[in-house]
Amino acid sequence: MIELTPWSNRTLQYAAAILFLLFSGSVIYILLLREDLNSSEHTVAALDNKNDSLKAELTNQYYAIVNLSEDIALLKKPSMKSIELKGMEVAPDAKAMVYANTTSGEVYLELVNLPPAPEGMQYQFWGIVDGKPVDAGMIPIDGDLSGIHPMKTVLNTTAYAISLEPKGGSQQPTGKIYVMGNS
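Since this is a predicted model, take the numbers as computed values, not measurements. (Residues numbered from 1 in each chain as written. Predicted model: local features only at pLDDT ≥ 70, side-chain atom pairs only at ≥ 80, totals over all residues. Heavy atoms only, no water.)

Here the focus is the overall build of the protein chain. Summing up its helical and strand segments, the protein chain has one helix and eight strands in all. Each helix (α) and strand (β) of the protein chain, taken in turn from the N terminus, gives the series α-β-β-β-β-β-β-β-β. Rg of the C-alpha trace for the protein chain: 37 Å, well past the compact-globule value of 16 Å for 183 residues, more than 25% over. Seen through its principal axes, the protein chain has C-alpha atoms that stretch 125 × 40 × 25 Å. By sequence separation, contacts in the protein chain at least 24 residues apart represent 54% of the contacts at least 6 residues apart. If you average the places of the 13 positive and of the 20 negative side-chain charges in the protein chain, the two averages end up 5 Å apart. (Helix = DSSP H or I, 4+ residues; strand = E, 2+ residues; numbered from the N terminus. Rg over C-alpha atoms; globule rule 2.2 N^0.38 Å. Contact = heavy atoms within 4.5 Å. Lys, Arg positive; Asp, Glu negative; His and termini not counted. Charge placed at Lys NZ, Arg CZ, Asp CG, Glu CD.)

A few words now on the pattern of salt bridges. Counted by the stated rule, this structure contains two salt bridges. Between Glu-84 and Lys-95 there is a salt bridge, with the nearest N and O atoms lying 3.4 Å from each other. One end of the pair, Glu-84, is in strand 1 (residues 80–87); the other, Lys-95, is in strand 2 (residues 95–101), and 11 residues separate them in sequence. Put simply, Lys-152 and Asp-135 hold a salt bridge, and the shortest N to O gap is 2.7 Å. Taken as a pair, Lys-152 in the loop between strand 6 (148–151) and strand 7 (159–166) and Asp-135 in strand 5 (residues 132–138) lie far apart in primary sequence, 17 residues in all. (Salt bridge = Lys/Arg side-chain N within 4 Å of Asp/Glu carboxyl O.)

Here we take up the sheet that holds strand 7. Adjacent strands of a sheet form backbone hydrogen bonds with each other and so pair up, either parallel or antiparallel. The sheet built from eight strands is open, its strands ordered 5-4-7-8-1-2-3-6 with antiparallel pairing. Here the strands that pair on one side only, and so sit at the sheet edges, are strand 5 and strand 6. Neighbour to neighbour, the strand axes of the sheet diverge by 30 degrees on average, direction disregarded. The pairing of strand 4 (residues 121–129) with strand 5 spans six bridges and is antiparallel. If you follow Trp-126 over to strand 5, its bridge partner there is Asp-135. (Pairing = 2+ DSSP bridges. Axes fitted to C-alpha atoms, helices over the stretch in contact; angles between N-to-C directions.)

Looking now at the confidence of the model for the protein chain. Within the protein chain, residue pLDDT values average 89, and 95% of them lie at 70 or more. Within the protein chain, the element-level pLDDT minimum falls on helix 1 (residues 9–75), averaging 88, and the maximum on strand 7, averaging 96. (pLDDT = per-residue confidence, 0-100.)

On the surface, a cluster of nonpolar side chains totalling about 320 Å² of accessible area is made up of Ile-18, Leu-19 and Leu-22. The topology assignment puts Leu-19 in helix 1. Residue classification places Leu-19 among the exposed residues on the basis of a relative accessible area of 57%. (Patch = residues over 30% accessible without salt bridge, like charges linked within 9 Å, V, L, I, M, F, W, Y side chains within 5 Å. Areas by Shrake-Rupley, 256 points an atom, 1.4 Å probe, with all protein chains shown as cover. Buried < 20%, exposed > 50% of the residue type's maximum accessible area, 1.4 Å probe, protein only.)

For the rest of this paragraph, the subject is the nonpolar core. With 23 residues, the main nonpolar core has Leu-85, Val-98, Leu-109, Leu-114, Phe-125, Tyr-160 and Ile-162 as its most contacted residues. Core analysis: the second largest hydrophobic core is formed by six residues, Met-80, Met-97, Tyr-99 and Ile-148 among them. (Core = buried A, V, L, I, M, F, W, Y, C linked by side-chain atoms within 4.5 Å.)

In structure tokens:
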């Protein structure tokens with residue numbers, strides 16, 4: 001039969017030291033894993049933010065494409081006439097395009113190159129009928145001014161113009177004409 005001998009103090013000390021080292025190593029390993037986990041969580045959060053940003057950008061691009069498609073469809077109508085408004089003496093490099101539906105009288109405006117309006121001023125669009133200016137709408141001060149904007153319907157125009165007016169507009173042009181073109 002096998003006889004069991006009690007462990008010596010020395011053996012117990014070695015065993016305790018080994019267990020302490022294993023326990024200490026396990027604690028250090030767990031702390032390192034926790035640090036890696038925290039780092040991974042921060043990386044995932046940063047990637048989620050980037051993903052949200054890309055989703056928003058993609059949505060904006062989608063709506064820009066939809067708007068451009070609508071603009072192209074509008075301009076392809078056979079009844080649509082394009083009129084270039086050229087810069088006048090006050091702003092020779094200024095330019096705008098008018099798209100007028102010769103059947104319905106609908107008018108659309110595209111700002112190509114118009115200097116920013118000074119504080120307290122705003123651009124106003126005019127249709128010239130029988131030599132007299134007719135208000136065709138105010139050009140927005142803020143926001144995205146790119147693209148084609150619907151304006152007021154003005155029938156029987158011979159020309160179009162844009163003037164700089166006090167904010168809110170005028171009954172008749174009081175400011176300088178920046179662009180003009182014959183229809």
